Amino acid sequence: DPTNATSDKEACDARRAANLADGTSNWPQWYDTQADSSWGDMRKRWGSRDYWQNFYPTKGLCVEGLQSWWNSGQGTSTPQTCAAAGHTWFSPRYFQEGQWDTKASCDAGVCSASRWDWALAKDPEACLESGGDCNRYCKTCEAESWYWNSKRMDTAESQVCVAATITNSSVCSEASMTWYQDIGACVDVSNDGGNCRDRTDAMVHKCSDLNGKCSDKELKTQPWYNGNVGNISLLKCYENHYGRCPDKDVCEGGGSCNDWTYEVWGGEGPKCRVPYTQGSQWGGPDTNWCWQNGGYGRWDDACILPNLSQQRCAAKGGTLVSRAKTEAACTQFEGCFHTMRSYITAISETQCNDPEVCSEELYEWRDVLQWTPGRWTDARMEPRTWEKRGMVKSNSWGKVLSQTILNTLVDDAIYDLLGTAYYNEAHCSIGPKLAAYFPVACACSATSDKNGDQCTGIFNSASASTLWSSTLWKTLSNKQVIQSPIAMVVPSANAIAKSAGEGDAADFNIGFIPAASQELCQVATSRRAATFEDLSSKCEDYEIVPNGEGYIVGQIVGSGMTLSGVNGGSARVCLTKEDTVPVCLSKYDVPDFSRGEADNTPGVPMMLPVATEGSQYCAQVDLPTDATSITLYPILRRADISTPVPVKMTVVRAVMKLSLESKDLFTTSVVTAFKASVAKALAGGGVTGLSAADVVIDSVCDDAGCLDAGGFRRAISGGVTVKFHVNAPEGSVDATAVSDSLTSPEFVSGFEAAMKEQGVEVTAEVVGGTTTETVTDDWQPSIFPVWAIILCALGAVGFLALAGGGVCMFRR
């Protein structure tokens with residue numbers, strides 16, 4: 001009875017004391033529904049004090065017993081025993097309104113400002129008036145939710161109500177509030193929305209009273225803000241660094257930096273930032289020093305060390321840093337990022353932006369940390385989708401993946417790949433060496449004629465050693481590339497399908513025929529050389545590319561490549577031009593491919609449109625259907641590969657000095673430009689009947705000496721001297737006109753203009769006069785080389801072969 005609560009408590013306590021005295025039980029027990037109790041058992045079982053107040057807004061209850069699901073009960077603990085004792089059994093239940101339990105409320109959705117707030121969801125106008133959301137956190141002054149018993153989700157609104165005019169416990173109890181003797185205050189913590197039990201003499205206190213940073217020191221000392229009284233903790237106000245921004249101005253007045261580790265790792269306060277200066281073998285920074293010194297490498301450009309003073313930090317090569325509050329502070333650190341792996345390499349900005357050091361496609365110089373400006377979104381209703389409940393099948397019958405079979409397939413595939421790798425490694429390592437022993441012995445031995453049949457067979461053909469094997473699948477839509485040290489091949493989808501036939505994949509092999517082997521056997525068989533001087537490398541030794549009549553019209557400039565497993569279609573092929581092969585640029589300046597004959601020796605030029613890509617010649621090649629393999633060589637040839645007719649002509653010789661500064665003497669493009677510019681300048685001087693093919697470069701020299709025209713210069717500056725001659729066939733070109741034009745001032749200006757048109761800017765000077773001589777250009781029979789295979793693909797290799805009492809050494 002609410003009107004007799006005090007006497008009920010006295011009677012309840014008296015009966016409890018009597019039961020305790022005779023050992024019957026420790027029941028009944030008094031529970032105050034308006035205040036926390038030292039007993040607290042009711043709260044432990046059925047929730048907070050506010051829960052009971054929904055049923056008994058009186059001052060207390062005399063509880064005769066309890067029954068719970070985890071034990072058999074205590075005291076008068078069943079409805080039957082309760083009724084038999086003359087008491088009332090109470091089962092505290094009440095109906096709670098459903099949330100989003102209708103299609104209408106589901107279609108209306110949730111409020112974006114607080115998606116789990118049902119009150120805002122069922123009142124769209126209140127949602128729109130609630131403000132909005134910010135994409136970042138703001139610092140707010142809030143009550144610690146783990147200390148505060150509040151019905152509200154938003155702890156920033158937690159409050160206490162203090163009635164300052166109430167000065168004793170009895171008046172406080174009559175006001176349905178709680179008296180705290182330790183602070184001498186009457187306090188209500190029911191958090192009923194700020195009404196303070198409708199008392200006009202009471203004041204509501206919230207953590208927001210202390211401003212956003214909880215920095216009001218005078219208010220902060222008051223007990224209802226930060227105090228801990230009796231068995232209840234009050235607001236416990238603290239500065240929350242990850243709070244909700246209160247409005248648009250605060251939200252968009254700042255931003256956030258993703259350097260949160262400066263704040264939460266290793267305790268609060270500044271951290272010591274020591275930039276990495278050494279890289280690891282994997283391309284990223286070397287973090288071992290960092291971990292050994294108790295740091296962490298959260299940001300890969302630097303090691304972060306906590307709990308160091310400025311002096312100790314400086315001694316380690318670092319500076320103290322705190323969490324950035326502005327965009328400038330956030331983006332002050334930059335680094336070189338790997339665009340795919342996202343780590344930062346310990347290199348400088350200059351190196352990172354240098355394409356010769358770091359690939360432009362894989363590395364970029366950018367900010368280490370990212371700044372996100374504040375962006376406010378007004379509150380709005382976000383609809384949800386209503387799905388009607390229904391009975392559906394929870395199980396279905398179907399095929400399942402056999403993990404055992406899958407594991408077997410994967411294991412077999414891995415073993416096949418490993419076996420292929422081991423096979424390729426052994427084949428690439430041993431094959432070329434074995435293939436070299438016989439031709440070297442035949443080329444060097446003074447008694448090779450005694451083994452004529454064997455040596456003749458070796459000299460009259462070229463054998464390819466397999467360097468690379470690759471399986472390409474005809475079902476793949478992406479381009480598939482066969483990459484090897486000497487060539488790159490990209491077969492068309494049609495070529496892969498033709499080679500695969502009825503199968504799912506095609507197996508291709510790339511073979512290797514070293515360019516040096518041609519030079520070896522060309523010298524050894526034509527001159528039967530036995531000394532190192534006779535075997536020194538000359539560009540003439542690589543002139544082995546004939547036309548259809550056997551006349552030499554070009555030279556190889558790299559090793560041969562044999563592609564086996566073909567059956568028609570086409571492929572883009574890139575062959576490597578080797579720096580170790582001297583080039584006769586005075587004779588040959590047109591890049592092309594030569595297809596190998598049946599014995600793999602170079603055949604007639606293929607007359608393909610070849611593109612020069614770095615050190616490679618690339619072209620689209622039709623693959624044969626009448627053979628399972630094709631051999632290709634990178635070559636330089638004459639523009640006109642027809643056999644010349646013997647003709648009497650006058651040769652006009654001259655010398656020019658060019659202001660050309662580069663690391664190469666003459667590249668192929670410069671040779672082409674030079675010859676065309678000489679012909680054009682002579683035509684401008686009145687000479688008719690000449691073409692670029694009539695201009696022949698004899699030598700190219702710089703201050704360090706004369707080298708092959710395609711060689712690397714030893715002195716980049718100082719100009720280049722070019723000795724050349726012009727062929728003037730008798731009866732068609734006036735040699736006197738050629739000589740006069742070469743020594744005229746107009747020739748130099750015309751030559752410079754023609755070079756500039758072709759992208760080469762130089763100043764030129766004709767040194768001295770010209771000389772002439774009459775010659776007959778005789779037809780020269782082809783010199784068919786005899787082939788041997790030696791391993792010269794990857795650097796300098798030496799072979800020794802004992803021949804009688806001496807040693808024959810071949811070096812590349």
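In this text the structure is predicted, and so the values were computed from the model without any measurement.

Rules of the game
- Residues numbered from 1 in each chain as written.
- Predicted model: local features only at pLDDT ≥ 70, side-chain atom pairs only at ≥ 80, totals over all residues.
- Heavy atoms only, no water.
- Core = buried A, V, L, I, M, F, W, Y, C linked by side-chain atoms within 4.5 Å.
- Buried < 20%, exposed > 50% of the residue type's maximum accessible area, 1.4 Å probe, protein only.
- Helix = DSSP H or I, 4+ residues; strand = E, 2+ residues; numbered from the N terminus.
- Disulfide = S-S within 2.5 Å.
- Phe/Tyr/Trp six-rings, centres within 6.5 Å; stacked < 30°, edge-to-face > 60°.
- Lys NZ or Arg CZ within 6 Å of the ring centre and 35° of its normal.
- Pairing = 2+ DSSP bridges.
- Patch = residues over 30% accessible without salt bridge, like charges linked within 9 Å, V, L, I, M, F, W, Y side chains within 5 Å.
- Areas by Shrake-Rupley, 256 points an atom, 1.4 Å probe, with all protein chains shown as cover.
- Salt bridge = Lys/Arg side-chain N within 4 Å of Asp/Glu carboxyl O.
- Lys, Arg positive; Asp, Glu negative; His and termini not counted.
- Charge placed at Lys NZ, Arg CZ, Asp CG, Glu CD.
- Axes fitted to C-alpha atoms, helices over the stretch in contact; angles between N-to-C directions.
- Polar contact = N/O pair within 3.5 Å; in protein donor to acceptor, adjacent residues only side chain to side chain.
- Contact = heavy atoms within 4.5 Å.
- pLDDT = per-residue confidence, 0-100.

## Topic: the nonpolar core
Line of reasoning, step 1. In this structure, Met-561, Leu-563, Phe-593, Phe-666, Phe-674 and Phe-751 are the most contacted members of the largest nonpolar core, which totals 70 residues.
Line of reasoning, step 2. For this core, the element with the most residues is helix α21 (residues 668-684), which contributes 7 residues.

## Structural notes on the state of the cysteines
Line of reasoning, step 1. Taken as a whole, this structure holds 10 disulfides when the rule is applied.
Line of reasoning, step 2. The disulfide partner of Cys-257 is Cys-330, and the gap between their sulfur atoms is 2.1 Å. Here the S-S torsion is close to 75°, and the disulfide linking Cys-257 with Cys-330 is therefore right-handed. With Cys-257 in strand β15 (residues 255-257) and Cys-330 in helix α15 (residues 327-330), this residue pair connects regions lying 73 residues apart in the sequence. Judged on exposure class, the residue Cys-257 and its partner Cys-330 are both buried.
Line of reasoning, step 3. Each sulfur of the disulfide joining Cys-290 and Cys-303 lies 2.1 Å from the other. Linking Cys-290 and Cys-303, the disulfide has an S-S dihedral of approximately 80° and is accordingly described as right-handed. Taken as a pair, Cys-290 in helix α13 (residues 288-292) and Cys-303 in strand β17 (residues 302-305) lie far apart in primary sequence, 13 residues in all. One exposure class covers both Cys-290 and Cys-303, and it is buried.

## As for the environment of Tyr-276
Line of reasoning, step 1. With respect to the secondary-structure elements, Tyr-276 resides in the loop between β16 (271-275) and α13.
Line of reasoning, step 2. By relative accessible area, Tyr-276 is classed as buried at 12%.
Line of reasoning, step 3. Residues Tyr-276 and Gly-317, 41 residues apart in the sequence, show an inter-C-alpha distance of 9.9 Å.

## Looking at the packing of aromatic side chains
Line of reasoning, step 1. Under the defined criterion, the tally for this structure stands at 4 aromatic pairs.
Line of reasoning, step 2. A centroid spacing of 5.4 Å and a plane angle of 80° characterise the contact between Phe-674 and Phe-724, whose relative ring orientation is edge-to-face. In this pair, Phe-674 is assigned in helix α21 and Phe-724 in strand β41 (residues 720-729), connecting sequence segments 50 residues apart. Taken as a pair, Phe-674 and Phe-724 share a single burial class, namely buried.
Line of reasoning, step 3. A ring pair is formed by Phe-674 and Phe-751, whose centres lie 5.5 Å apart and whose planes are at 75°; its orientation type is edge-to-face. Placement of the pair is Phe-674 in helix α21 and Phe-751 in helix α23 (residues 745-757), with a sequence separation of 77 residues. Phe-751 shares its class with Phe-674; the two are buried.
Line of reasoning, step 4. Above the face of the Phe-333 ring, Arg-273 is positioned so that its terminal group lies 3.4 Å from the ring centre.
Line of reasoning, step 5. Taking NZ or CZ as reference, Arg-366 lies 3.4 Å from the ring centre of Phe-337, over its face.

## Thoughts on unusual backbone geometry
Line of reasoning, step 1. Pro-28 follows Trp-27 through a cis peptide bond whose omega is -5°.
Line of reasoning, step 2. In this fold, Pro-28 is placed in the loop between α1 (5-22) and β1 (29-31).
Line of reasoning, step 3. Its identity is not glycine, yet Trp-100 carries a phi of approximately 50°, on the positive side.
Line of reasoning, step 4. Its location among the elements puts Trp-100 in the loop between α4 (79-84) and α5 (103-108).
Line of reasoning, step 5. Even without glycine at this site, Met-607 takes up a positive phi of about 55°.
Line of reasoning, step 6. Looking at where Met-607 falls in the secondary structure, it is placed in the loop between β34 (602-605) and β35 (611-613).

## Some thoughts on the pairing of β17
Line of reasoning, step 1. Of the two faces of β17, both are covered, the one formed by Ala-302 and Ile-304 as well as the one formed by Cys-303 and Leu-305.
Line of reasoning, step 2. Where β16 lies against β17, 4 bridges are found, and the strand directions are antiparallel. Following the sheet pairing, Val-274 is matched in β17 by Cys-303.

## A look at a negative patch on the surface
Line of reasoning, step 1. On the surface, Asp-411, Asp-412, Asp-416 and Asp-507 cluster together to form a negatively charged patch.
Line of reasoning, step 2. Relative to the helices and strands, Asp-416 is located in helix α17 (residues 403-444).

## Observations regarding the sheet that holds β16
Line of reasoning, step 1. Judged by pairing direction, the sheet is antiparallel, and its 3 strands sit side by side in the order β17-β16-β18 without closing on themselves. Looking at strand neighbours, the two that pair on one side only are β17 and β18 (319-321), the edges of this open sheet. Neighbouring strand axes in the sheet, compared pairwise and without regard to direction, differ in orientation by 40° on average.
Line of reasoning, step 2. Judged from the 3 bridges that link them, β16 and β18 form a sheet pairing that is antiparallel. Each residue of the ladder has a partner; that of Arg-273, found in β18, is Thr-319.

## Here's the deal with a nonpolar patch on the surface
Line of reasoning, step 1. Together, Leu-401, Leu-406, Val-410, Ile-414, Tyr-415, Leu-418 and Tyr-422 give the surface a local cluster of nonpolar side chains, amounting to about 720 Å² of exposed area.
Line of reasoning, step 2. If you trace the backbone, Tyr-422 turns up in helix α17.

## Points about the side chain of Ser-559
Line of reasoning, step 1. With respect to the helices and strands, the residue Ser-559 is situated in the loop between β30 (552-556) and β31 (560-564).
Line of reasoning, step 2. Its relative accessible area of 5% is what places Ser-559 among the buried residues.
Line of reasoning, step 3. Here Glu-578 takes part through its side chain, which lies 2.5 Å from a polar atom of the side chain of Ser-559.
Line of reasoning, step 4. If near-sequence neighbours (up to four positions away) are discounted, Ser-559 is found in contact with Phe-512, Ile-513, Pro-514, Ala-515, Glu-578, Leu-632, Tyr-633 and Pro-634.

## Observations concerning the confidence of the model for the protein
Line of reasoning, step 1. Here the protein averages 77 in pLDDT, while 74% of its residues score no lower than 70.
Line of reasoning, step 2. Ignoring residues within four places in sequence, the model shows residues 36-50, a span with pLDDT below 50, making 34 contacts including any to other chains.
Line of reasoning, step 3. Per-residue pLDDT stays below 50 along residues 778-812; that stretch engages in 100 contacts with residues further than four places along the chain or on separate chains.

## Section: the sheet that holds strand β21 (residues 363-367)
Line of reasoning, step 1. Judged by pairing direction, the sheet is antiparallel, and its 3 strands sit side by side in the order β20-β19-β21 without closing on themselves. At either margin of the open sheet sits one strand with a lone partner, and together these are β20 (344-345) and β21.
Line of reasoning, step 2. As judged from the 2 bridges shared by strand β19 (residues 334-338) and β20, these two strands associate in the antiparallel manner. Pairing of Cys-336 across the sheet is with Thr-345, part of β20.

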